[in-house]
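Listed below, chain by chain, are the residues.
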Amino acid sequence: MGADLVIASNRGPLSFSLDSNGRAVPAGSAGGLAGALHPLLEGSGATWVACAMSEADRKATTEGLMTERGLRLVMVQPDPDTYRMAYDVVSNATLWFVHHSLFDLPRRPRFDRHFATAWEAYRELNRSFASAIDDAAGDGATVLVQDYHLCLVPEMLAERRPDLRTVHFTHTPFADPTALRVLPSAVAGQILRGMAAAAACGFHTTRWESAFRACCADMGVEPRRSFVSPLTPDSDHLAERAESAECRSAGERLDDVLQGRRMILRVDRIEPAKNLLRGFWAMDELLRARPDLRGGVVMLALAYASRQTLPEYLAYGAEVEQVARRVNDTWATDDWTPIILDVADDAGRSLAALMRYDVLLVNPLRDGLNLVAKEGPLVNTTDGVVALSREAGAFAELHDHALEVNPFDVAGTADVLARALDMAPGERARRAEGLRSVVARRKPGDWLADQLAAAVAG
Ligand code: F6P
């Protein structure tokens, strides 16, 4: 019997790596979208269609290791070249950059024969997903398609299976019409028509929803319905993890490192939209402007690697290390390092740090939502202040209680950090409570329920 509920996303809930003996072993946390959806769907009985992204994933699939409690996992297994072109060239190096407005336009993008081949690979990958969903979904099932990797799936499914109720949800920002015009018109048209064939298209904020509708209007595409539903972290799951031995011992190690100093924290993947560089330059400006803070405050940057096959990400990662080093060379003393950059992927340590920050700096250039901005207030126990980019989707919900950051304004960011550090205890407590109550207003299940409702209403 086919499933009543099918989720489709490029990255699935489990990922594997190969150990030194060539055995497939579970890899670290997925982060991003898959990490957020996993606790939500665990035990739900849904079928999750995802891609075997690496040789290790393919091996694990063949060996029957891709199984998860109360979930049926179906793995799409494209050939590695097709996958690399679809994921690296189209999804990550093109669509992701379009939606984040991050192209270095004098150089990129370049729509040449190489891109045309990659676009065919993207179409092929979307077709493989549509076919796997077709096989997995029961009559009249609801299908929740996630993100920019799978924009063509709703239209492909509508052609094969008109009985299905398909929703497409975008976790990134959405390009406005001017930014989308960078794409070849045929490509932009296929993307918009592909998504618009869904019963409904969902976004984290009205801003991204309006941009999608404006792009559709610009290209004469008529979406059936769109809706806004911000995702929210699972507070019970976070509280449980905060109690774990792993998190406690990570917390003790952090206390040793900080030695009672105040902490400006950031927790990000190393990706160009996260704006780590301007965060470090803002720390430099802060220390220049405020000699009284030297020696007494640390910027802890927990930043873990992402999309290491893209040259833009590798170059950005190198620059992040270089700028942190430069700021430290300017200000460090024998017993104080102003920026502690730690690039190990350690979920326990990230959570322990979120429990302890004085200031949480979330300054992306553009971000679909930013879950860290919501996780922080839920677990923080020190009335920490959130300094939040107005370009993050989460700003729409948190702006009353966070301090607003213009992510491009380094001096302005330094001023916001100073204001946060100087804030009187009463105001800190009021803001922290305000953030907690806004975040706690929604449960992760609300996001899922909104998609299910949109599937029916559409
Ligand atoms: O950080 C959010 C995000 O960009 C999602 O929109 C997307 O699905 C996810 O990251 C993809 O990350 P990865 O390429 O590591 O699977």
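The structure this text deals with has already been given above.
Okay, so let's go over this structure. (Residues numbered from 1 in each chain as written. Predicted model: local features only at pLDDT ≥ 70, side-chain atom pairs only at ≥ 80, totals over all residues. Heavy atoms only, no water.)

**Observations regarding the overall build of the protein**
If you tally the helices and strands in the protein, you get 18 helices and 15 strands. Compactness check: the protein gives a C-alpha radius of gyration of 22 Å against a globular reference of 23 Å for 458 residues, within 12% of the reference. With the C-alpha coordinates aligned to their principal axes, the bounding extent of the protein is approximately 65 × 45 × 45 Å. The burial tally for the protein puts 57% of its 458 residues in the buried class. Within the protein, contacts between residues at least 6 apart in sequence are counted, and of these 79% link residues at least 24 apart. (Helix = DSSP H or I, 4+ residues; strand = E, 2+ residues; numbered from the N terminus. Rg over C-alpha atoms; globule rule 2.2 N^0.38 Å. Buried < 20%, exposed > 50% of the residue type's maximum accessible area, 1.4 Å probe, protein only. Contact = heavy atoms within 4.5 Å.)

**Things to note about unusual backbone geometry**
Excluding glycine, a negative phi dihedral is what most residues carry, and trans is how most peptide bonds are arranged. With an omega of 5°, the peptide bond running from arginine 108 to proline 109 counts as cis. Along the chain, the position of proline 109 falls in the loop between α3 (80-99) and α4 (113-136). Here the phi dihedral of asparagine 370 falls at roughly 90°; this positive angle occurs in a residue that is not glycine.

**Here we look at the side chain of aspartate 57**
Secondary-structure assignment places aspartate 57 in helix α2 (residues 55-62). In this structure aspartate 57 is buried but unpaired, with arginine 11 as the nearest side chain of opposite charge at 6.2 Å. Setting aside chain neighbours within four positions, we find aspartate 57 in contact with Ser15, Phe16, Cys51, Ala52 and Met66. (Lys, Arg positive; Asp, Glu negative; His and termini not counted. Salt bridge = Lys/Arg side-chain N within 4 Å of Asp/Glu carboxyl O.)

**Looking at the sheet that holds strand β9 (residues 226-228)**
Strand-to-strand pairing in sheets goes through backbone hydrogen bonds, with the strands running parallel or antiparallel. As summarised here, the arrangement of the seven strands in space is β5-β4-β1-β6-β7-β8-β9, forming an open sheet in which the pairing is parallel. Every interior strand has two partners, whereas the edge strands, β5 (72-76) and β9, have only one. The average angle at which neighbouring strand axes cross in this sheet is 20°, direction not considered. Sheet topology places strand β6 (residues 137-146) next to strand β7 (residues 165-169); five bridges connect them, and they run parallel. Bridged to threonine 142 within β7 is arginine 165. (Pairing = 2+ DSSP bridges. Axes fitted to C-alpha atoms, helices over the stretch in contact; angles between N-to-C directions.)

**Quick word on the packing of aromatic side chains**
This model, assessed by the stated rule, comprises 12 aromatic pairs. Summarising the aromatic geometry, the rings of tryptophan 96 and phenylalanine 97 are spaced 5.4 Å apart at their centres and angled 70° between planes, so their arrangement reads as edge-to-face. Classification of tryptophan 96 by relative accessible area gives buried; the value is 2%. Among the residues examined, phenylalanine 97 registers a relative accessible area of 5% and is labelled buried. Look at phenylalanine 174 and phenylalanine 212: their rings are 5.3 Å apart centre to centre, the planes differ by 85°, and that puts the pair in the edge-to-face class. One end of the pair, phenylalanine 174, is in the loop between β7 and α6 (177-180); the other, phenylalanine 212, is in helix α8 (residues 206-218), with 38 residues separating them in the sequence. (Phe/Tyr/Trp six-rings, centres within 6.5 Å; stacked < 30°, edge-to-face > 60°.)

**A word on the sheet that holds strand β12 (residues 339-342)**
Across the sheet, six strands lie side by side as β12-β11-β10-β13-β14-β15; this open sheet has parallel pairing. Two strands bound the open sheet, and with one partner strand each, they are β12 and β15 (403-405). Across this sheet, the average inter-strand angle for adjacent strands is 20°, counted without regard to direction. Bridge count for strand β10 (residues 262-269) against strand β13 (residues 359-362) is two bridges, and the pairing is parallel. Bridging from a neighbouring strand, isoleucine 264 pairs with valine 359 of β13.

**Some details on the packing of helix α14 (residues 372-379) against helix α17 (residues 425-441)**
Packing of α14 against α17 brings their axes to within 8 Å, and their N-to-C directions diverge by 115°. The hand of the α14/α17 crossing is left-handed. Together, Lys374, Pro377 and Leu378 of α14 and Leu435, Arg436 and Val439 of α17 make up the contact between the two elements. Across the contact of α14 with α17, the residue classes tally to four nonpolar, no polar and two charged. (Left-handed = near helix turned anticlockwise from the far one by under 90°. Nonpolar A, V, L, I, M, F, W, Y, C, P; charged D, E, K, R; others polar.)

**Examining the environment of glutamine 259**
Tracing the backbone shows glutamine 259 in the loop between α10 (245-258) and β10. For glutamine 259 and glutamate 243, which are 16 residues apart along the polypeptide, the C-alpha to C-alpha distance reads 22 Å.

**Topic: the nonpolar core**
Counting 100 residues, the largest nonpolar core has Ile264, Leu265, Phe280, Leu286 and Leu388 as the members making the most contacts within it. Aside from chain neighbours lying at most four places away, what touches isoleucine 264 is Met283, Leu286, Val297, Val298, Met299, Leu300, Val359, Leu361, Leu417 and Leu421. Formed by 64 residues, the second largest nonpolar core is a distinct cluster that contains Ala3, Cys51, Tyr83 and Tyr87. (Core = buried A, V, L, I, M, F, W, Y, C linked by side-chain atoms within 4.5 Å.)

**Comments concerning α8**
For α8, built from 13 residues, the straight-helix expectation of 18 Å at 1.5 Å per residue is met to within 8% by its first-to-last C-alpha distance of 18 Å. Restricting attention to buried positions, one finds in α8 the residues Trp208, Glu209, Ala211, Phe212, Cys215 and Cys216. In a view along the axis of α8, the buried residues occupy a sector of 160°, so they form one face of it. Along its buried surface, α8 packs onto α6, α7 (185-196), β8 (200-203) and β9. (Expected span 1.5 Å × (residues − 1). Arc of directions from axis to C-beta.)

**Some thoughts on the pattern of salt bridges**
Under the defined criterion, the tally for this structure stands at 27 salt bridges. We note a salt bridge from aspartate 284 to arginine 288, for which the minimum N-O separation is 3.3 Å. Of the two residues, aspartate 284 and arginine 288 are both situated in helix α11 (residues 276-289); the distance of four residues between them amounts to about one turn of the helix. Look at aspartate 284 and you get buried, because its relative accessible area is 15%. Glutamate 427 serves as the salt-bridge partner of arginine 419, at 3.8 Å between the closest nitrogen and oxygen. Overall, the relative accessible area of 26% leaves glutamate 427 in the partly exposed class. By sharing partners, the salt bridges in this structure join Asp134, Arg160, Arg161 and Asp163 into a single network.

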